[in-house]
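# Structural overview
Residues per chain, in single letters:
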Amino acid sequence: MNRKEQQAQRAKQEDEILVKVLWWIVGCVVLEVLVLLLNKYYVNYTVSQIDLAYALHKSVIPVLAVAFPVCFVAALLLWLAARKKGKLVRLTAGLTLAFLALAVCAVVTYFFAGTGIRFLYIAVPAVAVLALIYYLYQREFFCAAVLSALGLLAVRVVPQYAGHPVLAIGYAVVLAVLVLAALVLFFRLQKGQGRMAVKGAPVQILPKNANYALLYATCAVVAAVLAAALALGSLTLLYGVLVAWLLILAVYYTVRLM
């Protein structure tokens, strides 16, 4: 492959990435608008909107909390079938992601109402940012950003064990397991120079020059913040620690792109 062909192939890949990023941004904007509408007509409704709020509460949201997860499972099965046939993979993948997002929003709204909608305010833009990191930065930064985002959520959720003990303790346990699993995964990838066997074939998950020290440090920071949230409650300092760590990572990986 000569230089012109390499440049053309690279330009094509960049165009494909740009299209994917734009789709993620559009999807998150639409979802955020829906969340804002739910907040207006489902939570902070006026006297003239009581009938609409009642219909949403008694009929619409409960139905959607069941219908969207069912649609997600159906779309997931279609996507798996499409992968085997090699046809309509992108379309079925897009439908699967769309129904997953709608299912999460419907379930969170149904079970947590106003608190859930306030959570979605932040969660939807956060997902958009993580998607941008995934497509524009190195995969290792994406892994560290996901762990840090889960740590930020822990600072919000875990200290609420007095009012929501099952949710708080359950999330703390899940996050602890995820951090431990991430440590094991990073260790295996480091030994395999970023490769890991998937269905008997080696797959390059992280680049050979990945900085595993930062990944281990991210796990340590998230674990420390989780422990502090359990012991001390929701402190602004804990948010600051994780945000500062994310900024350090962003600067480091941005410099590596240059």
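See above for the structure.
The paragraphs below set out a description of the structure included in this document. All figures in this text were calculated on a predicted structure; none of them were measured in a lab.

Criteria and cut-off values
Residues numbered from 1 in each chain as written. Predicted model: local features only at pLDDT ≥ 70, side-chain atom pairs only at ≥ 80, totals over all residues. Heavy atoms only, no water. Pairing = 2+ DSSP bridges. Helix = DSSP H or I, 4+ residues; strand = E, 2+ residues; numbered from the N terminus. Axes fitted to C-alpha atoms, helices over the stretch in contact; angles between N-to-C directions. Parallel < 35°, antiparallel > 145°, perpendicular 65-115°, else oblique. Left-handed = near helix turned anticlockwise from the far one by under 90°. Contact = heavy atoms within 4.5 Å. Nonpolar A, V, L, I, M, F, W, Y, C, P; charged D, E, K, R; others polar. Core = buried A, V, L, I, M, F, W, Y, C linked by side-chain atoms within 4.5 Å. Buried < 20%, exposed > 50% of the residue type's maximum accessible area, 1.4 Å probe, protein only. Expected span 1.5 Å × (residues − 1). Phe/Tyr/Trp six-rings, centres within 6.5 Å; stacked < 30°, edge-to-face > 60°. Bend = angle between axes of the 7 residues up to and from the residue.

### A word on the pairing of strand β2 (residues 201-204)
Here four bridges tie strand β1 (residues 195-198) to β2, and the two strands are oriented antiparallel to one another. Residue Ala-197 lies in a different strand from β2, and its bridge partner there is Pro-202. In this antiparallel pair of consecutive strands, β1 and β2, the connection spans two residues, and Lys-199 shows a positive phi of 55 degrees.

### Re the packing of helix α3 (residues 89-136) against helix α4 (residues 139-157)
At a closest axis distance of 9 Å, the pairing of α3 and α4 adopts a crossing angle of 165 degrees. Overall, the two elements α3 and α4 adopt an arrangement that is roughly antiparallel. The handedness of the crossing between α3 and α4 is right-handed. For the pair α3 and α4, contact is made by Phe-119, Leu-130, Ile-133 and Tyr-134 and by Arg-139, Phe-141, Phe-142, Ala-145, Val-146, Ala-149 and Leu-153, respectively. Tallied by class, residues from the contact of α3 with α4 come to 10 nonpolar, no polar and one charged.

### Regarding the nonpolar core
In terms of nonpolar packing, the biggest core is built from 35 residues, with Val-158, Leu-175, Phe-186, Tyr-212 and Leu-249 touching the most fellow members. Broken down by secondary-structure element, the contributors of at least two residues to this core are α3, α4, α5 (165-191), α6 (212-232) and α7 (236-257). Here the element with the most residues in this core is α6; it accounts for 10 residues. If we ignore the near neighbours within four places in the chain, the residues touching Val-158 are Ala-168, Tyr-171, Ala-172, Leu-226, Ala-229 and Leu-230. Formed by 13 residues, the second largest nonpolar core is a distinct cluster that contains Cys-28, Ile-61, Val-124 and Ala-128.

### Let's talk about α5
Helix length check: α5 (27 residues) gives 39 Å between terminal C-alpha atoms against 39 Å at 1.5 Å per residue, within 8%. Structurally, α5 contributes buried residues whose contacts are with α4, β1 and α6.

### Let's talk about the packing of aromatic side chains
Applying the stated criterion to the full structure yields seven aromatic pairs. Judged by centre distance (5.1 Å) and plane angle (15 degrees), the ring pair of Phe-141 and Tyr-253 falls under stacked. Taken together, the residues span a long stretch of sequence, with Phe-141 in helix α4 and Tyr-253 in helix α7 at a distance of 112 residues. You can call Phe-141 buried: its relative accessible area is 3%. One aromatic cluster in this structure is built from Tyr-137, Phe-141, Tyr-252 and Tyr-253.

### Description of helix α2 (residues 50-85)
Its 36 residues place the ends of α2 50 Å apart at the C-alpha level, agreeing with the 52 Å of an ideal helix rising 1.5 Å per residue. Leu-56 marks the point of greatest bend in α2, at about 45 degrees. Taken together, the buried positions of α2 are occupied by Ala-53, Leu-56, Ile-61, Ala-65, Phe-68, Ala-75 and Ala-82. Packing partners of the buried residues in α2 comprise α1 (3-43) and α3. Positive phi shows up at Gly-86, right after α2, with a value of about 75 degrees.

### What about the environment of Glu-5?
Relative to the elements of secondary structure, Glu-5 occurs in helix α1. Take Glu-5: its relative accessible area is 44%, and that puts it in the partly exposed class. Between the C-alpha atoms of Glu-5 and Lys-40, which are 35 residues apart in sequence, the distance is 53 Å.

### What to know about unusual backbone geometry
Notably, Ala-113 is not glycine yet its phi reads approximately 50 degrees, a positive angle. Assignment of secondary structure puts Ala-113 in helix α3. Taking relative accessible area as the criterion, Ala-113 reaches 30% and is therefore assigned partly exposed. The phi torsion at Gln-193 lies on the positive side, around 55 degrees, for a residue other than glycine.

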